[in-house]
Structures are given as C-alpha cells and as structure tokens.
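Letter by letter, the chains look like this.
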Amino acid sequence: METMSEYESQKRMLEDLQLRLTEAEQKIVDGEKLRKKLHNTILELKGNIRVFCRVRPLLSNESGAVSYPNNGENIGRGVELIHNTQSYSFAFDKVFDHSASQEDVFTEISQLVQSALDGYKVCIFAYGQTGSGKTHTMMGNPEFNDQKGLIPRSLEQIFQTSQCLMSQGWKYKMQASMLEIYNETIRDLLATSRTSIQDGAASKYNIKHDVNGNTQVSDLTIVDVRSINEVSSLLKRAAQSRLTRSSFEIQ
Ligand SMILES: Nc1ncnc2c1ncn2[C@@H]1O[C@H](COP(=O)(O)OP(=O)(O)OP(=O)(O)O)[C@@H](O)[C@H]1O
C-alpha cells in the first residue's frame, strides 16, 4: 500500500513539474514575441528611414573645413562645411565625425540587424562620391577586429544570435547570394564560372517582385551557409569577382 501511494505522489510531482516546464516554455515564447514587438516599435519611433552621415578623416593631400554644432538642436546630427568662405549646414538623423570607430557605427546599425533576425525586411546602403568611405564603412578590413566594417560585424551578430535562439528551439536556415549592379547590369559575384562575370551572360539576371513584397533576382547562385567562416570565404570570393571584373574592364 505504501509503495503504491509513494508511486502516486511521485507521479503527481512529475505531472506538476511537466506542467510548470510547459508554462515556463510558453512564457519564454511570449516574452520573445513581446521583445520583438517592442524592438520594432522603438525602431519605428526612431524612423523607418534614417539617414546617417559619416565624415571620414581628411587624406594627406586633402584640405577642407568641417565642423560640428556644439549647441542647439543639431548636436550629434549636424555638420557644417566651409567652401569659399561660405558656410553650409546639413542635418541628418545622426552624424559620425571623423573620429568615429567602426564599432561606433555598428552600434547604431546592430538594432536593424536584430530586426532582420526578427523577420522584418531591412535595407542598409552606403551612398557617397568615390573615395568617400563606402567600402571602408561597409566592409572595412575583416582581417583586423577594430577595422571590420558593417557587413562582417552584422554577419557575426546574425550567427551569434541565431546560435542563442537555436538553444530556445528556433530553427534557422541561412543562405547567401551576393551581386553587384554595375552600369545597370547585374553580376553574380558567387558564380563559379568566370564567363558569367566577364561576358554578356550576366544579362540573364532579372529582378522580380512577388505579391508579398519579396524581391528576388533570378538565376543567382545561392549558397547554404552554416558558419561565419563559410560566409567569410564567400565574401572573399565576391571581392575577388569584383577585382576580376575591374581588371577585365581595365584591359
Ligand atoms: N572613416 C575612415 N577612417 C579612416 N580611413 C578611411 C575612412 N573612410 C575611408 N577611409 C579611407 O579612405 C579611402 C577611400 O575610402 P573607400 O575606398 O572606402 O571609398 P569608397 O567610397 O568605397 O570609394 P569608391 O566609390 O571609389 O569605391 C580608403 O583608403 C579608406 O581606407
């Protein structure tokens, strides 16, 4: 009789623990949903489209006068240029002065990477005249920690976060494709055959928009990626394709 009641009480305790585990798991899922919603609300309040300005240090052969307002509403978001004794003021959502590090810029961007991981569509692009620092900001030098640009840093964040979420039961599948649009022509930077980069075959790529607002480029090489190392080698491959294209055009 005693063994029976002991068995019953153990069974009840087990059922109770299972119930509490299910409730705790549900709380994690609900908490994560709330975090996503709040994160998205914060970004919407900051503005769905934001324009940042990064001022790069002057090169040795350059001269110019750039200053930043140190009072008024444009602190941290204004930049003043002097040209022919005339002063021009500009305002952005945020200005990174010439002393801003790659990490400073990424700190601002990383919230958008989180949004992408939460399932929202995100686009980050660099715009500026030649030599203004687009490649430095976006790619930098991935070999050195402090010089890594936004792309390698974002990829690290994507892999680190997805590892964490996998331990909470989420499943992630990552695929990469890389392209450049040069002179209105799309080039597949991961294509293995050199000809697709160098001859007119590139014209087969078409930009398609579906009813759900997704944009896809037909016939691009898509590669499954499982680690940051795999993506890094793809980035090198893409950079090499761009170099091949540049030297092919110079010839
Ligand atoms: N914030 C910065 N700090 C230090 N050096 C920088 C910075 N931004 C750019 N540079 C340097 O300025 C030079 C030009 O930058 P970069 O190649 O990134 O320009 P770009 O806009 O990509 O030019 P292009 O359109 O011609 O490709 C490079 O030598 C780069 O290392």
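Residues numbered from 1 in each chain as written. Predicted model: local features only at pLDDT ≥ 70, side-chain atom pairs only at ≥ 80, totals over all residues. Heavy atoms only, no water.

As recorded in an unreviewed UniProt entry, the chain goes by Kinesin motor domain-containing protein and comes from Triticum turgidum subsp. durum. For the chain, the Sequence similarities (unreviewed entry) comment in UniProt is given as "Belongs to the TRAFAC class myosin-kinesin ATPase superfamily. Kinesin family." (UniProt positions renumbered as here; feature names shortened; annotations may be inferred.)

## Regarding the environment of Lys134
In this fold, Lys134 is placed in helix 3 (residues 134–138). We classify Lys134 as partly exposed; its relative accessible area is 27%. For Lys134 and Gly149, which are 15 residues apart along the polypeptide, the C-alpha to C-alpha distance reads 9.8 Å. Residues contacting Lys134, with those up to four places away along its chain left out, are Ala126, Tyr127, Gly128 and Gln129. From its side chain, Lys134 meets the backbone oxygen of Gly128 in a polar contact 2.9 Å long. (Helix = DSSP H or I, 4+ residues; strand = E, 2+ residues; numbered from the N terminus. Buried < 20%, exposed > 50% of the residue type's maximum accessible area, 1.4 Å probe, protein only. Contact = heavy atoms within 4.5 Å. Polar contact = N/O pair within 3.5 Å; in protein donor to acceptor, adjacent residues only side chain to side chain.)

## Quick notes on helix 4 (residues 150–166)
Compared with the 24 Å implied by 1.5 Å per residue over 17 residues, the 24 Å span of helix 4 between its first and last C-alpha is a close match. The set of residues buried in helix 4 consists of Leu150, Pro152, Arg153, Ser154, Leu155, Gln157, Phe159, Thr161, Ser162 and Leu165. (Expected span 1.5 Å × (residues − 1).)

## Focus: the site of the ligand
Every residue lining the ligand is accounted for by Arg54, Arg56, Pro57, Gln129, Thr130, Gly131, Ser132, Gly133, Lys134, Thr135 and His136. In the environment of the ligand, an oxygen atom lies 2.8 Å from a nitrogen or oxygen atom belonging to the backbone of Gly131. At a separation of 3.2 Å, an oxygen atom of the ligand approaches a polar backbone atom of Ser132. In the complex, the protein chains occlude 62% of the 640 Å² of accessible area that the ligand would expose alone. The leading source of residues in the shell around the ligand is helix 3, at three residues. Counted by class, the shell around the ligand contains one nonpolar, seven polar and three charged residues. (Near = heavy atom within 4 Å. Areas by Shrake-Rupley, 256 points an atom, 1.4 Å probe, with all protein chains shown as cover. Nonpolar A, V, L, I, M, F, W, Y, C, P; charged D, E, K, R; others polar.)

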